[in-house]
Amino acid sequence: MPVGLFRVCLLVITAIVNHPLFFPKENGTVPENTEEIIQKMKEREESLRLEQLRLEQEIADQEATQKALEKAAVVVEESKEEKVRWDMWTALSMVIFLLIELWRQDFQEGNWQDPGGEEDDMAVLGKAFKGVAFPDKAVLASFYEKRILGTTGDMARMREMVEGFADDLLEALRSVCNRDADMEVEDCMGVGSMYENWRVRKPFVCDLIVPFAPPEPYCFCCQTWCSGDSFPPDEQGYGTIKVCRADEDATGCICDKTKLGEDMLCLLHSQVSTRPSSEMEDLLCFKNTQYLDADQVMKWFQIAVTKAWNRISHKYEFDLSFSLLDSPGALKIKFKSGKSIAFNLTPVVQYENSDVYFISHFPRSSLAADIPSSTHWFLTFAVYERRFIQLVSKTLPANACHVSCLQILSFLHGKQCSLTGPSGLTNYHLKTVLLHLLQALPSQDWAPEKLEARLQDMLKFLEKCLHEKKLYHFFIGNGKVPAELGFPVIFQRAEPLNLFRPFVLRRDIYRKMVDTFHEMLRNMSALINEYTVHIPLAHTNGIRKEPL
């Protein structure tokens, strides 16, 4: 209890001591300072509140910006996914469209494989012969004797006349040229159907090639598509000819060092020029290159032939002229009687030391219809083709039917083209078929009594090639060429050259070619019977032939 009273008394005393009335008067300003502090605290509070609002606004803005960026990222991602999906659908649509277009071209027009009853032209090898009346041995024998045999003597006489005149013309050409400055023109050679004895269609035209070489110190450096240089696929079968100098230190053309007459033509140049001879455009080359230009060569050759003819024209009782604008080497002899003889004289460049030649132009042929440029020269193997036929003929039975097959097929094809117009199929394709079969079949299969069977073999082989769109060049890529021919190994080791490759993408020409072939099959009997003389049965056991 005393302790409790003591605590109460202590509390009362403390309260009395701390009563405001006990403070002195100088402490009376305390309340005024308090109000000032309170006012400052309110101002500070208002400032903090504004700062808080500003920070909240900034945070809200940042959050809005972040959301906008996230939304934009989502939109971009969705657009990328949509674009990928759209690209996939676009590509798929294009593939479907191309497939439909290919199907439409194959089947819509003409309906080649119509199951409704029309002849299935391309389905199975040999099926195109169903329903075709093939001539028998007697009919073929009569047709051959009446239509083809009579032309053999005419061809021999024409060859002799043309060769003699061409030799005289080339000799005159050499005489008008400067032997120290002009191109060196060699003797001409006969190639093609007239010299392989299977030409049947008139008018007869002799094909002669004339090798030429540059004078010293120049030489030709030949490059082919299979010599290791890069040639695109559409330039297979072609090559280029580079004009080089044997003496690299020499500058200037030797015609600048030799006095030529005012009217004398330097055959090394496309025109008389006083420009520096070190410039390659002064040569028969394409502008700003060292590559021989086929167009320039043909212009030079025409000028040289014209000058040569002017020198010897007084010796002959006929006129000579260039007959075709699109064939610069096509010449025509016109007699006063009105008759004429046509022949082709085409300059060529020899490939190394072989009988393969770079030919500037192919007369009357679609083989080189799409030459990449005038510096690309097509390679011709015509000399080896002629030699191969001669070599094989020695191993065949007497009066073998190989030439007869080619003659009959060439005649039928020519007749069909005269009815329906020309197609991509040429006599060279027919000749290539024969060369392949000559190598594939035994010698005894070419006996004269087997003409009908071999003719069917040629037609079926050609049908197969048309179906597959593949007819390979006989020599290029053929490792079985007889060694006796001395054929260059570089071409034997090359990739086989498909002669039908240009028709793979040109479907209109391919379609025309196939239609022509099948029309020829259907019209074969009618075309042959038109020239057939019915002979007694006693003469039908064999085919009488004169050696070609």
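Remember, predicted model here, so these are calculated numbers, not experimental data. (Residues numbered from 1 in each chain as written. Predicted model: local features only at pLDDT ≥ 70, side-chain atom pairs only at ≥ 80, totals over all residues. Heavy atoms only, no water.)

Engineer: In this structure, what is going on with the overall build of the protein chain? I would like to understand it.
Structural biologist: From N to C terminus, the protein chain includes twelve helices and ten strands. Per-residue burial over the protein chain gives 42% buried out of 548 residues. By sequence separation, contacts in the protein chain at least 24 residues apart represent 70% of the contacts at least 6 residues apart. (Helix = DSSP H or I, 4+ residues; strand = E, 2+ residues; numbered from the N terminus. Buried < 20%, exposed > 50% of the residue type's maximum accessible area, 1.4 Å probe, protein only. Contact = heavy atoms within 4.5 Å.)

Engineer: Looking at this structure, how should I read helix α12 (residues 507–529)?
Structural biologist: Note that an α-helix has 3.6 residues per turn; residues three or four places apart therefore point the same way. Look at α12: 33 Å from first C-alpha to last across 23 residues, which is about the 33 Å you get at 1.5 Å a residue. Of all the bends found along α12, the most pronounced is centred on Asn-523 and spans about 55°. (Expected span 1.5 Å × (residues − 1). Bend = angle between axes of the 7 residues up to and from the residue.)

Engineer: Just checking my understanding: could you explain the pairing of strand β7 (residues 330–335) for this structure?
Structural biologist: Taken residue by residue, a regular strand's side chains alternate between the two faces of the sheet. Summarising the sheet, strand β6 (residues 318–322) and β7 pair through five bridges and their orientation is antiparallel. Residue pairing in the sheet places Phe-322 in a bridge with Leu-331 of β7. Relative to strand β8 (residues 340–350), β7 is paired through five bridges, and the arrangement is antiparallel. Within β8, the residue paired with Ile-333 across the bridge is Ile-341. Counting the residues between successive antiparallel strands, the hairpin from β7 to β8 contains four residues, one of them, Gly-338, with a positive phi of roughly 105°. (Pairing = 2+ DSSP bridges.)

Engineer: Looking at this model, I keep getting lost on the pattern of salt bridges. Mind explaining?
Structural biologist: Pairing between side chains of opposite charge can happen when the charged atoms of each approach one another. Applying the stated criterion across every chain yields a total of 15 salt bridges. Of the charged contacts in the structure, one is a salt bridge between Glu-36 and Lys-40, with a shortest N-O distance of 3.6 Å. Remark: Lys-40 and Glu-36 occur in helix α2 (residues 30–108); sequence separation between them is four residues, near one turn of the helix. For Lys-40, a relative accessible area of 51% gives the class exposed. (Salt bridge = Lys/Arg side-chain N within 4 Å of Asp/Glu carboxyl O.)

Engineer: Can you help me understand the packing of helix α7 (residues 402–420) against helix α9 (residues 451–468) in this one?
Structural biologist: Geometrically, a packed helix pair is captured by the angle between its two axes and the distance between the axes. Relative to each other, α7 and α9 sit at 55°, their axes nearing to 9 Å. By the angle between their axes, α7 is oblique relative to α9. As α7 runs across α9, the sense of the crossing is right-handed. On the side of α7, the interface is formed by Ser-404, Cys-405, Leu-406, Ile-408 and Leu-409, while α9 contributes Leu-451, Arg-454, Leu-455, Met-458 and Leu-459. Of the residues assigned to the contact of α7 with α9, the class counts are eight nonpolar, one polar and one charged. (Axes fitted to C-alpha atoms, helices over the stretch in contact; angles between N-to-C directions. Parallel < 35°, antiparallel > 145°, perpendicular 65-115°, else oblique. Left-handed = near helix turned anticlockwise from the far one by under 90°. Nonpolar A, V, L, I, M, F, W, Y, C, P; charged D, E, K, R; others polar.)

Engineer: What am I meant to see in the packing of aromatic side chains here?
Structural biologist: Centre distance and the angle of the planes are the two values used to describe a pair of aromatic rings. Within this structure, the stated rule accounts for 27 aromatic pairs. Aromatic pair Phe-212 and Phe-220: ring centres 5.9 Å apart, planes at 85°, arrangement edge-to-face. A relative accessible area of 3% places Phe-212 in the buried class. Taking the relative accessible area as the measure of exposure, Phe-220 reaches 18% and is therefore buried. A centroid spacing of 5.1 Å and a plane angle of 55° characterise the contact between Phe-212 and Trp-300, whose relative ring orientation is tilted. You can see Phe-212 sitting in strand β3 (residues 205–213) and its partner Trp-300 sitting in helix α5 (residues 294–312), a full 88 residues away along the chain. Three or more aromatic residues link up through ring pairs in this structure, and these residues are Trp-225, Tyr-351, Phe-358, Phe-381, Tyr-384, Phe-388, Phe-474, Phe-475, Phe-487 and Phe-491. Positioned above the aromatic ring of Tyr-218, the side-chain terminus of Arg-245 is 4.9 Å from the ring centre. We note Lys-469 situated over the ring of Tyr-510; from NZ or CZ to the ring centre the distance is 4.6 Å. (Phe/Tyr/Trp six-rings, centres within 6.5 Å; stacked < 30°, edge-to-face > 60°. Lys NZ or Arg CZ within 6 Å of the ring centre and 35° of its normal.)

Engineer: Would you explain the state of the cysteines in this entry?
Structural biologist: Tallied over the entire structure, the rule returns zero disulfides. Cysteine Cys-222 shares no disulfide, and the gap to the nearest cysteine sulfur, in Cys-221, comes to 7.6 Å. For the unlinked cysteine Cys-244, the closest cysteine sulfur is that of Cys-221, found at 3.1 Å. (Disulfide = S-S within 2.5 Å.)

Engineer: How should I be thinking about the nonpolar core in this particular structure?
Structural biologist: The nonpolar side chains of a soluble globular protein tend to be buried, and buried together. Counting residues in hydrophobic clusters, the biggest one holds 116 residues, and the most contacted among them are Leu-169, Leu-292, Phe-343 and Leu-345. Residues in contact with Leu-169, not counting those within four places in the same chain, are Val-305, Ala-308, Trp-309, Ile-312, Leu-320, Leu-331 and Leu-345. Judged by nonpolar contacts, the second largest core, of nine residues, contains Ile-209, Val-348, Tyr-357 and Val-383. (Core = buried A, V, L, I, M, F, W, Y, C linked by side-chain atoms within 4.5 Å.)

Engineer: Would you explain unusual backbone geometry in this entry?
Structural biologist: Of all residues except glycine, most have a negative phi; of all peptide bonds, most are trans. In the segment running from Lys-202 into Pro-203, the intervening peptide bond is cis, with an omega of 0°. With respect to the secondary-structure elements, Pro-203 resides in the loop between β2 (189–191) and β3. A positive phi angle, close to 55°, is found at Asn-399, a residue other than glycine. Here Asn-399 shows up in the loop between α6 (382–393) and α7. Using a relative accessible area of 34% as the deciding quantity, one classes Asn-399 as partly exposed. Residue Lys-469 is not a glycine yet carries a positive backbone phi of 55°.

Engineer: Help me understand a nonpolar patch on the surface, please; the structure alone is not making it clear to me.
Structural biologist: Taken together, the side chains of Trp-89, Leu-92, Ile-96 and Ile-100 present a nonpolar region at the surface, about 430 Å² in accessible area. Position of Trp-89 among the secondary structure elements: in helix α2. (Patch = residues over 30% accessible without salt bridge, like charges linked within 9 Å, V, L, I, M, F, W, Y side chains within 5 Å. Areas by Shrake-Rupley, 256 points an atom, 1.4 Å probe, with all protein chains shown as cover.)

Engineer: Would you mind showing me how to read the environment of Leu-396 here?
Structural biologist: Tracing the backbone shows Leu-396 in the loop between α6 and α7. Assessed through its relative accessible area of 11%, Leu-396 is described here as buried.

Engineer: Which parts of the structure should I look at to understand the packing of helix α3 (residues 137–148) against α7?
Structural biologist: Following both chains from N to C, one finds α3 and α7 inclined at 75°, their axes separated by 11 Å at the closest point. When the axis of α3 is compared with that of α7, the two are roughly perpendicular. Between α3 and α7, the contacting residues are Leu-140, Phe-143, Tyr-144, Arg-147 and Ile-148 on the first element and Ser-404, Gln-407, Ile-408 and Phe-411 on the second. When the residues that make up the contact of α3 with α7 are grouped by side-chain class, the tally is six nonpolar, two polar and one charged.

Engineer: Looking at this model, I keep getting lost on α5. Mind explaining?
Structural biologist: Here α5 spans 27 Å end to end across 19 residues, near enough to the 27 Å set by a 1.5 Å rise per residue. Listed in full, the buried residues belonging to α5 are Ala-294, Val-297, Met-298, Trp-300, Phe-301, Ala-304, Val-305, Ala-308, Trp-309 and Ile-312. An end-on view of α5 places all buried positions within 165° of arc, on one side of the element. Opposite its buried face, α5 presents the exposed residues Lys-299 and Asn-310, each directed more than 90 degrees away. Two to three positions downstream of the cap, the backbone nitrogen of Asp-295 sits 2.9 Å from a side-chain oxygen, assigning the N-cap of α5 to Asp-293. (Arc of directions from axis to C-beta. Polar contact = N/O pair within 3.5 Å; in protein donor to acceptor, adjacent residues only side chain to side chain.)

Engineer: Please explain the confidence of the model for the protein chain as it appears in this structure.
Structural biologist: Low pLDDT means the predicted atomic positions in that stretch should not be read closely. The share of residues in the protein chain with pLDDT of 70 or more is 73%, and the mean pLDDT across the chain is 78. In the model of the protein chain, helix α1 (residues 2–17) stands out as the element of lowest mean pLDDT, 64, in contrast to helix α8 (residues 427–440), which has the highest, 96. Counted against residues more than four places away or in other chains, residues 249–265, with its pLDDT under 50, gives 32 contacts. Below a pLDDT of 50 lies the segment residues 534–548, which in the model reaches 25 contacts outside its immediate sequence neighbourhood of four places, other chains included. (pLDDT = per-residue confidence, 0-100.)

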